[in-house]
Every structure is written in C-alpha cells, then in structure tokens.
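# An overview of the molecular structure
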Amino acid sequence: MTDRTAPVAVALLSVSDKTGLVPFAQALVARGVALLSTGGTAKALSDAGLPVTDVGTHTGFPEMLDGRVKTLHPRVHGGILARRDLPAHMQALRTHDIPTIDLVVVNLYPFRETVAKPSCTLEDAIENIDIGGPSMVRAAAKNWQHVGVVVDPDDYPAVAAELDSGGLGDDTRFRLMRKAFAHTASYDGAIANWLTARGRDGTAAALPDSFHFAGAKVQDMRYGENPHQAAAFYRDEAPAEGGIATYRQLQGKELSYNNVADSDAAWEAVKTFGEPACVIVKHANPCGVAIAADPLTAYRNALATDPTSAFGGIIAFNRPIDAATVEAVSGQFLEVLIAPAYTDEALAVIARKTNVRVLAVALPAEAAAGNAWDMKRVGAGFLVQTPDHRNLIAGELKVVSRIAPTAAQLSDLQFAWRVAKFVKSNAIVYCRDGQTLGVGAGQMSRVDSTRIAAIKASSAGLSLVGSVVASDAFFPFRDGLDVVADNGAVAVIQPGGSMRDAEVIAAADERGIAMVFTGFRHFRH
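These lines cover the structure that appears in this document, whether it is placed above or below. Keep in mind that what you see is a predicted model, and the values were worked out from it rather than measured. (Residues numbered from 1 in each chain as written. Predicted model: local features only at pLDDT ≥ 70, side-chain atom pairs only at ≥ 80, totals over all residues. Heavy atoms only, no water.)

### Thoughts on the packing of aromatic side chains
Rules: Pairing of aromatic side chains here covers Phe, Tyr and the six-membered ring of Trp, requires ring centres within 6.5 Å, and sorts the geometry by plane angle: under 30 degrees stacked, over 60 edge-to-face, intermediate tilted. Secondary structure is summarised from DSSP: a helix means a run of H or I of at least four residues, a strand means a run of E of at least two, and numbering begins at the N terminus for each. Classification of residues uses two cut-offs on accessible area relative to the type maximum, computed with a 1.4 Å probe and protein chains only: under 20% is buried, over 50% is exposed, and between them is partly exposed. Here, over-ring charges are defined by two tests on the NZ atom of lysine or the CZ atom of arginine: distance to the ring centre within 6 Å, and angle to the ring normal within 35 degrees.
As enumerated under the stated definition, the model contains 11 aromatic pairs in all. Each ring, one from Trp144 and one from Phe174, has its centre 5.2 Å from the other, and the planes form 65°; the classification is edge-to-face. Linking Trp144 in the loop between helix H8 (132-142) and strand S5 (148-150) with Phe174 in helix H10 (residues 170-195), this pair joins segments that are 30 residues apart in sequence. Here the aromatic rings of Phe211 and Trp373 are separated by 4.7 Å at their centres, their planes lie at 75°, and the arrangement is edge-to-face. Of this pair, Phe211 sits in the loop between H10 and strand S6 (215-220) while Trp373 is found in the loop between strand S13 (357-360) and strand S14 (374-378), placing the two residues 162 residues apart along the sequence. Judged by relative accessible area, Phe211 falls into the buried class, the value being 17%. Connected via pairs of aromatic rings, a cluster forms that spans Phe111, Tyr187 and Trp194. Its end group placed over the ring of Phe520, Arg390 keeps NZ or CZ at 3.9 Å from the ring centre. The cationic tip of Arg418 hangs over the ring face of Phe273; the distance from NZ or CZ to the ring centre is 5.9 Å.

### A short note on the nonpolar core
Cut-off, in case you're wondering: Side-chain atoms within 4.5 Å are what join buried Ala, Val, Leu, Ile, Met, Phe, Trp, Tyr and Cys residues into a set we call a nonpolar core.
In this structure, Leu28, Leu103 and Phe111 are the most contacted members of the largest nonpolar core, which totals 51 residues. It is H10 that provides the largest number of residues to this core, a total of seven residues. One finds Ile244, Cys431, Val439 and Ala470 within the second-largest nonpolar core, a separate group that totals 47 residues.

### Regarding the side chain of Thr325
Worth spelling out the cut-off: We call two residues in contact when some of their heavy atoms are within 4.5 Å.
With respect to the element layout, Thr325 can be found in helix H14 (residues 323-329). The contact partners of Thr325, leaving out residues within four places of it in the chain, are Pro295, Leu296 and Phe317.

### A few points about unusual backbone geometry
Residue Asn426 is reached from Ser425 by a cis peptide bond, and omega for that bond is -5°. Note that Asn426 resides in the loop between helix H16 (407-420) and strand S17 (428-432).

### Focus: the environment of Ser263
One can find Ser263 in helix H11 (residues 257-270). Ser263 sits in the buried class, given a relative accessible area of 1%. Sequence-wise, Ser263 and Asp209 are 54 residues apart; in three dimensions their C-alpha atoms are separated by 32 Å. With sequence-adjacent residues up to four places away left out, Ser263 is seen in contact with Ile244, Ile314, Val336, Ile338 and Leu359.

### Observations regarding H8
Counting buried residues in H8 gives eight out of 11 residues, a clear majority hidden from the surface. Of all the positions in H8, only Gly132, Gly133, Pro134, Met136, Val137, Ala139, Ala140 and Ala141 are classed as buried.

### Observations concerning helix H1 (residues 21-30)
Note the following rule: Arc definition: it is the arc formed by the directions from the helix axis to the C-beta atoms.
Of the residues making up H1, those classed as buried are Leu21, Phe24, Ala25, Ala27 and Leu28. Summarising the axial view, the buried residues of H1 lie within an arc of 155°, below the 170-degree limit, and thus occupy one face. Structural note: H1 exposes Pro23 and Ala30 on the side pointing more than 90 degrees away from its buried face. Of the surrounding secondary structure, the elements contacted by the buried residues of H1 are strand S1 (10-15), strand S2 (34-37), helix H2 (39-47), strand S4 (103-107) and helix H9 (156-162).

### Here we look at the packing of helix H17 (residues 446-459) against helix H18 (residues 479-486)
When two helices pack together, their arrangement is given by the angle between the helix axes and the distance between those axes. Test applied: Simply put, an axis is a line fit to the C-alpha atoms, just over the touching stretch for a helix, and the angle between two N-to-C directions goes from 0 to 180 degrees. In these notes the angle categories are as follows: under 35 degrees is roughly parallel, over 145 is roughly antiparallel, 65 to 115 is roughly perpendicular, and the rest is oblique. Note that Gly is not counted as nonpolar here; it falls among the polar residues with everything else outside the nonpolar set of Ala, Val, Leu, Ile, Met, Phe, Trp, Tyr, Cys and Pro and the charged set of Asp, Glu, Lys and Arg.
The contact between H17 and H18 brings their axes to 8 Å, and the two run at 10°. Viewed along their axes, H17 and H18 adopt a mutual orientation that is roughly parallel. Residues Val447, Thr450 and Arg451 of H17 lie in contact with H18, whose contacting residues are Asp479, Gly480, Val483 and Val484. Partitioning the contact of H17 with H18 into residue classes produces three nonpolar, two polar and two charged.

Everything listed here is a matter of geometry and, on its own, says nothing about what the molecule does.
The structure is reproduced here in structure tokens:
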C-alpha cells in the first residue's frame, strides 16, 4: 500500500484545552500553514501575535446563539469533507468558493470536568455538551485520506515535525483518525452515562440506564489467564487517582494479564491502611498482611503468615521502601513488587533480579473518590455496581456478647475486618498484633474456610491462641464459631444478620468469646 503525503495549507483550530496550543500554532505558521480559528482559541492565537482568520470572517456569519453556532456551516464542513481525488467534489468547492481545510485541531468542551463538580446542574451539563467540535472531528476523521485530525495535544510535536516532509502520510492520518473516533465515542458515552442517570428534576440514580465504558489500550499481553486466550490491558480515559492503572514500571518483564489482576488486588488492599503495611497476594487473595512501625517489619510479619503461598506472589507496600526492605523481599521468588516510591539504593538491589516487575504507584489523596463503577462480564451481558469503598468506623461496632473485646482486641478486630474485605468469599481471617495468622478464602462453606485458615496457620508454625477472627459475612450456624473457639480465638467480628444470630451469640457466650457486629458485609466474588 502506497503511503501518500497530504499537504497542509490551512488548519482549523478550535480547542477547549489550550495546552501546547500556541507553540503548535507557531510551528504551523513557520511551515507556511494558514490558521483558521474560533472564539477563545482565535483570541489566544491573536494575543500571541499569530496571523489568524476568525471562522466568522471565513463563513460570512458571526458566531450565533451564545456561541452554540460557530462552525456548523458549508464553508467549514465542505472544506473538510471534500474528497480531493473526486473531480465533482473539487468542482463543487470551486463553484461555491469554498477553500479546502487540510488539518482540523479540535478538543471538546470539558463535559467530564463540569459534571464532576458537586454543584453541577442539569443546565451546566447541557451547556458543556459540544456540538460543533464533534461534528468537525468526525468530518475530518471520515475524510482521513485527505485531512489530518488532531484531538490530543500530545500529538502536536509529531504532527509538526512530519509537516517538514511535505505533509502528513497515510499512516499518520490513519492513526489520528482512529484516535479521533475513539475520542468522540468516549465523549458521547460520558454524556449518555451522566444524563441517563438523572431525571429532569436533577435527581440522580446510582447507575445510568445506558452504560458506556471507554478505555485506552495500555498494552497487548502475551495471553490471558491461559495461553489459548488473547488479552490486553486498558486504562480508563480518566483514571481514578491512585489506581493500579496509573503505575510506572521501573524494571522487569512485561506485565501479564494475571500480574495486573493480582497487582490490583494487592494495591487496593495495602493502600487502605494508614499505618506502614505490606500485603502479599497470590491468585487474587491476600495470603499475608501486616501493619508495623516500618515496611521491613510489616513484610516479615506478612510473609510469616503463609511463606509457601507467597512463593511467586505479588508484594505491595504503602510506604516508600529502602534497600534493606528490598534485600529481604528479593530473598524470595516474586512476580511483582509495588510501592509508592523506592530509594536509589533499593532500585540498585532489586536490579539484580532482572525479571521482577517493579511498579511505582502514587497513593491517592485521602479524599480521592476511586473508581466510579465495578464491572464483571457475564454471558451476553455485564454486571455493574458501585465499588465497595465502605470502611469500618469504630463507632459502628455493636458488642453483642457478654464479654466486650479489650482495646488491643478491638484494634486487631478492625485490622482483621479490613483484610477480610479483600479476601474472596467465604472469607475467614485470623489475626493478632496487626498480623494475619491464617486466611481461609473462596470456600463454598464458611466452616470450611475457618478450618482451612487454621490449617494454614499451623503449617506456618503460628499459634492461634489469643487471636481474633473476621468473617466477611454472618455465621449461618454456630459450627464456624465453635471451630475458631477450638483454635484459641478470643474475639470475632462479623456483620450479623443471620436468622440464627441468637444461636451464634449464645455460642460465643458459652465459649467465652467477645463478638462484635458491623452491620454490613464484604462479599467479594
């Protein structure tokens, strides 16, 4: 396929985000490109001393209706949409005195930014729905073989540089076209999501009637969960602060599908702790979690929970880590290491383990919202829910047993509950002194989870005497309570809400165990 170069004589610029606008326009003018522009963009170019023709002058019509109508005119869209290889199209332009437009530089009204404001009204949202911008973008993208379209300021330098070769080649225009259609699709999806979750009176539903998700591909992966499955990793176009998708990979092999999934589980868990914490994940479940005065101690305590399962796991910290911590971590086989930052000495140590994937992920601000939705694919459809952002507040706890937990036990119960939130249901977590001792995950019966967690602790040589236990959902029978009591646990935290709560509470009193209810559960499927 022959790569054809399309010369650029006229560029139309109309941008909401003016990042890099003036230097790019200066580069265009330096290459002999005439500038055509609108409103605030034209003013910014003129104020910079650049020669620019206002679209109103170009069309013979001023901007109308408070700027709602600026570029919706045949002299704009004819110049964009005309195929240069069709004589009839070019004759039509000559007949109606319509110059060609060779480059369209447009980004759209800030709809997402507007609706993200708590004070945003329906009227505010409607006024920030761009009409002319998407029309120009789609027109230029449709005619990509003759017109370049730029929607991302990051593309400005490459576009300007390519003009030095006489114009934009087919490959570049094709790439820009694909990006442009993705841009308008994402924009329209954001509008549909917001509007179909609201009534005319401004009332908002938790989820929209029409759901649209847009993501940009970060990478193709070698394969999915198994070698016969294709896979890719996509990042939200507006990623939530502090999510795993905002990682920077500092060294190591390319991330795999399972690496990303497990890294997300580890990072989501570790970033919820205020104290220095370490979380070790294997196959989406925490197999060791600890908080301590420093990351190194937290790692050693987390590893002690289940060193066998930690082999080949994901290790995440919520504090910057130093060389001593990395030296300890690198003594075991691991797939991924995650932390907010690393000292230079730490990176020098881990560099000896060339295959270890080292990720830096910034912690979110305390008030950061996190993901707006959780999604799961099912046959011929998908499930969407609001994320489980709820964390336990000490004042919500209800002591239901005759014995109340001590202050130390209460602290451990809250720690255990936070860990249980990230363990696949049915989840049982034994803890003591800010350290997990045994984790039972993903079992079909809760009593089996209690037994498996105890087996894990025994295998690691850890005593459960004096431990506390978290159950992510209620105990349906007293059998699970009896198992944890037999293993030496002294306090239990659970949601409550079972038809047999009274039976389970009576069992706790009989066995001398303190029990508290949270009033909400943390199922994780």
